[in-house]
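# Overview (structure and organization)
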Amino acid sequence: MPRTAMVERTRHRYEDIHRLLDEGRTVNGIARHLDLDPRTVDKYKKTPLDDLLASAANRRPNTGISPFKPYLHLRLGQLGSKAVGARLYDELRERGFRGHVRTVERYLARFSIGEAEAVHAPMPSPSTIAAWVTRRRELLTEEEEDQLLRVRLACPDITRACDLTWAFLDITRNLRGILLLEWIHQTV
C-alpha cells in the first residue's frame, strides 16, 4: 500500500479514535475532541483499518477550497475580525464552491493560530498588470480579474498601487477634481 498523505492521515485518525474509544469516550465526545463529524468517528469505529486504508489509497485529499483561497484572503482582509465562516461559506457557494461549511471554518481557524498557507500567485508582467489596472474594470474578463486578485493578495505594494490608480481614474473619468487634493495626500 502506498504511503500517501491520505493513507497516513487515515492511519493516524484510526489510531486516535480507537485510543479514545479504549479510554471510554463516546462517539460524540471524540468528534468534539478531534473536530470531526460524529458520522466520521462512527465510520472509523465500525470499519476495519485495512478497509479504511484501501479506500484512502484510492482517494486524493479534498483540495476543493484551494481555488477559493485568494478570495478568502481578500475577504478576511476586508472583514478582519468580523469574518464569519458561515458568511464566507455562502459567498464561496455563490462562486462555485461545493465543499462543506466545516472545510471553510477549519481553513479560517488556521488564521487565528498562524498556520494559514501563503497564497502563491504566478506573477504576470508589470505591463500586463498595468493594462488590467488602467482598463475599465467591467471590461476585464473573469480570468483577468482572478489573476489580478491573486497578484494583489501576493503583493501589498501592488494592491496599494491598484487602489490609488483606480481612485485617480475615478476622479478623472467622472470629473471629480475636487477630490484630487485628497488623493494626492493619500499617495504620500
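The following paragraphs examine the structure supplied in this document. (Residues numbered from 1 in each chain as written. Predicted model: local features only at pLDDT ≥ 70, side-chain atom pairs only at ≥ 80, totals over all residues. Heavy atoms only, no water.)

## Details of the overall build of the protein chain
Stated precisely, the cut-off is as follows: Strands are runs of DSSP state E lasting at least two residues, helices are runs of H or I lasting at least four, and both sets are numbered from the N terminus onward. Throughout, a residue-residue contact means that at least one pair of heavy atoms, one from each residue, lies within 4.5 Å. Note on areas: Shrake-Rupley with a 1.4 Å probe; residue coverage comes only from the protein chains shown.
Along the protein chain, the regular secondary structure elements total eleven helices and zero strands. Along the chain direction, N to C, the helices and strands of the protein chain fall in the order α-α-α-α-α-α-α-α-α-α-α. Considering only residue pairs separated by 6 or more positions, the protein chain has 52% of its internal contacts joining residues 24 or more positions apart. If you sum the accessible surface of the protein chain, you get close to 12,400 Å²; carbon and sulfur atoms cover 52% of it.

## Some words on helix α2 (residues 27–34)
We apply this condition: To sort residues, take the accessible area from a 1.4 Å probe on protein chains only and compare it with the maximum for the residue type: under 20% means buried, over 50% means exposed, and anything in between is partly exposed.
Burial in α2 covers these residues: Val27, Gly29, Ile30 and Ala31. Just downstream of α2, aspartate 35 is the residue with a positive phi angle, here 60 degrees.

## A look at the environment of leucine 72
Its place among the elements puts leucine 72 in helix α5 (residues 69–79). The class for leucine 72 is buried, based on a relative accessible area of 0%. Sequence spacing of leucine 72 and leucine 108 is 36 residues, and the spatial spacing of their C-alpha atoms is 8.3 Å.

## Side note on unusual backbone geometry
Of note, the phi angle at leucine 175 is positive, near 50 degrees, even though the residue is not glycine. With respect to the helices and strands, leucine 175 occurs in the loop between α10 (156–173) and α11 (180–187). Its relative accessible area of 77% is what places leucine 175 among the exposed residues.

## Some details on the pattern of salt bridges
Defined as follows: For this document, the term salt bridge refers to a Lys or Arg side-chain nitrogen within 4 Å of an Asp or Glu carboxyl oxygen.
Taken as a whole and assessed by the stated rule, the structure comprises ten salt bridges. A salt bridge links arginine 19 to aspartate 16, with the nearest nitrogen and oxygen atoms 3.5 Å apart. Of this pair, arginine 19 and aspartate 16 are both found in helix α1 (residues 5–22), three residues apart, which corresponds to roughly one turn of the helix. Judged by its relative accessible area of 42%, arginine 19 is partly exposed. Across the salt bridge formed by arginine 25 and glutamate 23, the nearest N and O atoms sit 3.7 Å from each other. By relative accessible area, which is 34% here, arginine 25 ends up partly exposed. Counted as one network, the salt bridges with shared partners bring together Asp16, Arg19, Glu23 and Arg25.

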